Structure formats: C-alpha cells, structure tokens
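Observations on chain architecture
In case you want the letters, here they are:
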Amino acid sequence: MSYRSVLRELGFDTHGVITLAEAESCGVPAVEVRKLASRGALIRLGQGVYRMAEVAPGHLDEFAAAVALVGADAVLADESVLAAYDLGQINVRRIKVATTARVRKRLPPTVQVVRKHVPTHFRGDIEGIPSMRVGAAVLACRGKVMETRLVDAMISASARGLVDHDEAQQIISELEAADGWSTAEEGR
C-alpha cells in the first residue's frame, strides 16, 4: 500500500486532518508527508498538521483542525463543544481549544487557546475529536451563554443520547438554581 493510500485511509477517520505524529505512527515518514504536500495531495494547515485533499469536507473539519493545530493534549472546549454538536443555537467566531501546554506556534485567528486543565472524567470525543463532555461544556458556559440556551442544549443532548437523562436533569437543576428561575415556573 502506498504512503498516499495509508494517509487517505487515516484521513477518512480523522475528518481529513493528519498530523505528522499520526502519519509516523502509521509508518509514513515525515519526509514523505512533506513530499505529498508539495505534490498537492495534502494541504498544509500549520506546523505538523495537514489536510488530505481527497477527503470530502464535513461539518466537523474546522474543529478537528483546531484541536490538531494546538497539540497532542488539546481538547475542544466550552461553547465550541456545543457548536460542534449543534446544541443551544451557538455560533462561535473562534473555536476554543483547552490545553495545559504552552502554545507558541502561530495559529489561525479562528482558534482560541484556553489554558486550563480538563480532568479525564470531563473528557470525551466528538466523532474522534478530543473534547470536553457535553455536561462539562454546558457548565463551563455559565455566565457566557444565556441560561435558557444552556437548558435547551441539555434537553436536546439528552433527547439525542449525548448525555443520560439523570445527568441532564442534574445540570438543568444547577443552571436553574444559579439563575433563580425554573422551567416549571416559566409555564405559569
């Protein structure tokens, strides 16, 4: 199998985004990745991160690229998680990526690095993209996003099976207690 074929297969699993580390773990040397980029098979996104030109674009590509550009310990964070899942009517101008590592490389203006530790029990993934779990992301958005949108996001996440019903109810209760209102009172 050619290096290009190996990277194409990898690209189908990673939203078209390929890092040098991933390529090398699949047996493709960095020099071959660079050769494929010079021939147009790969598009360089940033330091050590490429996009496989043959993989059709999808709605999560920007999120996958942002996390890959920030680095190995990075996770999609806060309202960017909700935007990736299309929850709570969130539109982000900049994709938030959390990491504890110091990021010195140049990033596109659409990526915002947030220096914070995301504990393992708050981590998950969105179709292979490392991210905060939905409940943790909703709680991190308190004070930044309207509470009604966060409650709607949890209701939708529960209906779609992204969180279990009990977790959704617990987070909704926390949001309501912090804001001083409840969905039961709204119906009156």
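**Focus: unusual backbone geometry**
Positioned with a positive phi, glutamine 89 is a non-glycine residue whose angle comes to about 50°. The residue glutamine 89 is located in the loop between α5 (79-85) and β5 (95-99) in this model. Note on glutamine 89: relative accessible area 60%, which makes it exposed. At glutamate 127, a position not held by glycine, the phi torsion is positive, near 50°. Relative to the elements of secondary structure, glutamate 127 occurs in the loop between β7 (123-126) and β8 (129-132).

**Comments concerning the environment of glutamate 127**
What makes glutamate 127 exposed here is its relative accessible area of 56%. In this structure, glutamate 127 is in contact with His15 and Leu60, ignoring residues within four places of it in sequence.

**Quick look at the sheet that holds strand β2 (residues 42-46)**
Taken together, the three strands give an open sheet; going across it, the order is β1-β3-β2, and neighbouring strands pair in antiparallel fashion. Either end of the sheet is taken by a strand with one partner, and the two such strands are β1 (17-19) and β2. Across the sheet, the mean angle from the axis of one strand to that of its neighbour is 35°, orientation sign disregarded. Pairing of β1 with strand β3 (residues 49-52), which is carried by three bridges, proceeds in the antiparallel orientation. Within β3, the residue paired with valine 17 across the bridge is arginine 51.

Calculation rules
- Residues numbered from 1 in each chain as written.
- Predicted model: local features only at pLDDT ≥ 70, side-chain atom pairs only at ≥ 80, totals over all residues.
- Heavy atoms only, no water.
- Helix = DSSP H or I, 4+ residues; strand = E, 2+ residues; numbered from the N terminus.
- Buried < 20%, exposed > 50% of the residue type's maximum accessible area, 1.4 Å probe, protein only.
- Contact = heavy atoms within 4.5 Å.
- Pairing = 2+ DSSP bridges.
- Axes fitted to C-alpha atoms, helices over the stretch in contact; angles between N-to-C directions.

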